[in-house]
Amino acid sequence: MGKSSFVTNAINLKSYNLSESDKIIVMYSRDRGLIRGVAKGVKKPKSKLGARMDLLVANKLMLFEGKNLNTISQAEALNTFNNTRRDLDKIFYSMYVSEVVNNFGVEEDPCSADVYDLLYETLDVISKSKDKISILNAVIKFQLKFMRISGFSLELDKCLCCGKPIEDENMYFEEKVGGVICTDCNEHYRLKHLMHYKLRNFLSVLVNTELDEISEYEEKTTEKVCNVCFEILKSYINTHSVKKFKSIQVISA
């Protein structure tokens, strides 16, 4: 293997047409963060890369480095998350988590291994999920853990204003700064997003629960609670993203 080539595991996030037969694939790699590669001849029926260049596929790749773009030389599928492709909910939420990574991902990301592993595991859990609640729980865990990796975790235990611990009492959620404000301090802020402490407890448990584990909270939760949590976190992530989300419109439709 020459100096101009490298091997990495990567998940396909987006693709663009480059010519009649070639595509540019945007991927998130475990070693280098966000990377782009040309898949030559991929649109031809007998392409050696073929379906491995579809979106939401994890591959082990060999790429040759170029001045502006890498060229994908070989691809071995690690996981096609096949069950996802037969379920609209799984497709939509998989698109969402991959778009979060695409919007926040950078080249040579120092957290690339953590982000890659989180995305891979989330896509795998979504693919194997038996119902909508399981899908949403996986996505909520992804949102919470991704925010922690990215350095903008939510403050859910103490009031952002006075610093007082908030326990078994309702609070208000402030999405711009990412945390909760007690009812006393909200006399000044007049926030409208009232958060029940049980909802906060649910989020606090999920951020520390592995994706392949099911907490007691997850076993008891309802789809309505999951949807509320997803929307809260989606809104917070959206405020931190410089790029607009396209999958959000689909999910919200």
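Scroll up for the structure.
A brief report on the enclosed structure follows.

Cut-off values and rules
Residues numbered from 1 in each chain as written. Predicted model: local features only at pLDDT ≥ 70, side-chain atom pairs only at ≥ 80, totals over all residues. Heavy atoms only, no water. Salt bridge = Lys/Arg side-chain N within 4 Å of Asp/Glu carboxyl O. Helix = DSSP H or I, 4+ residues; strand = E, 2+ residues; numbered from the N terminus. Buried < 20%, exposed > 50% of the residue type's maximum accessible area, 1.4 Å probe, protein only. Phe/Tyr/Trp six-rings, centres within 6.5 Å; stacked < 30°, edge-to-face > 60°. Lys NZ or Arg CZ within 6 Å of the ring centre and 35° of its normal. Pairing = 2+ DSSP bridges.

### A look at the pattern of salt bridges
Enumeration over the complete set of coordinates arrives at 8 salt bridges. Between arginine 32 and glutamate 65 there is a salt bridge; the shortest N-O distance is 3.2 Å. In this pair, arginine 32 is assigned in the loop between β2 (23-29) and β3 (33-39) and glutamate 65 in the loop between β4 (58-64) and β5 (70-79), connecting sequence segments 33 residues apart. The class for glutamate 65 is partly exposed, based on a relative accessible area of 40%. A salt bridge links glutamate 218 to lysine 141, with the nearest nitrogen and oxygen atoms 3.0 Å apart. Of this pair, glutamate 218 sits in helix α6 (residues 216-220) while lysine 141 sits in helix α3 (residues 132-150), placing them 77 residues apart in sequence. In this structure glutamate 218 comes out as buried when scored by relative accessible area, which is 7%. When its relative accessible area of 1% is taken as the criterion, lysine 141 is described as buried.

### Quick look at the packing of aromatic side chains
Counted by the stated rule, this structure contains 9 aromatic pairs. Seen in terms of ring centroids, phenylalanine 104 and phenylalanine 146 are 5.6 Å apart; in terms of plane orientation they differ by 70 degrees. Their pairing is edge-to-face. Residue phenylalanine 104 is found in helix α1 (residues 88-104), and its partner phenylalanine 146 is found in helix α3; the two are separated by 42 residues along the sequence. The same class applies to phenylalanine 104 and to phenylalanine 146, which are both buried. On the basis of an interplanar angle of 45 degrees and a centroid distance of 6.5 Å, the ring pair of phenylalanine 202 and tyrosine 217 is categorised as tilted. One end of the pair, phenylalanine 202, is in helix α5 (residues 197-207); the other, tyrosine 217, is in helix α6, and 15 residues separate them in sequence. The buried category is assigned to phenylalanine 202, whose relative accessible area is 3%. Each member of the aromatic cluster is reached from another via a ring pair, and the members are Phe104, Phe142, Phe146, Phe152 and Tyr236. The ring of phenylalanine 6 has arginine 32 lying over it, and the distance from NZ or CZ to the ring centre is 3.6 Å.

### Thoughts on the sheet that holds strand β8 (residues 179-181)
Taken in spatial order, the 4 strands of this open sheet run β6-β8-β7-β9, and their pairing is mixed. Only two strands of the sheet have a single partner each, and these edge strands are β6 (155-159) and β9 (194-195). As defined by bridge partners, strand β7 (residues 171-174) adjoins β9 across 2 bridges and the pair is classed as antiparallel. Looking at the pairing, methionine 171 lines up with methionine 195 of β9.

Function cannot be inferred from these measures alone, as they are strictly geometric.
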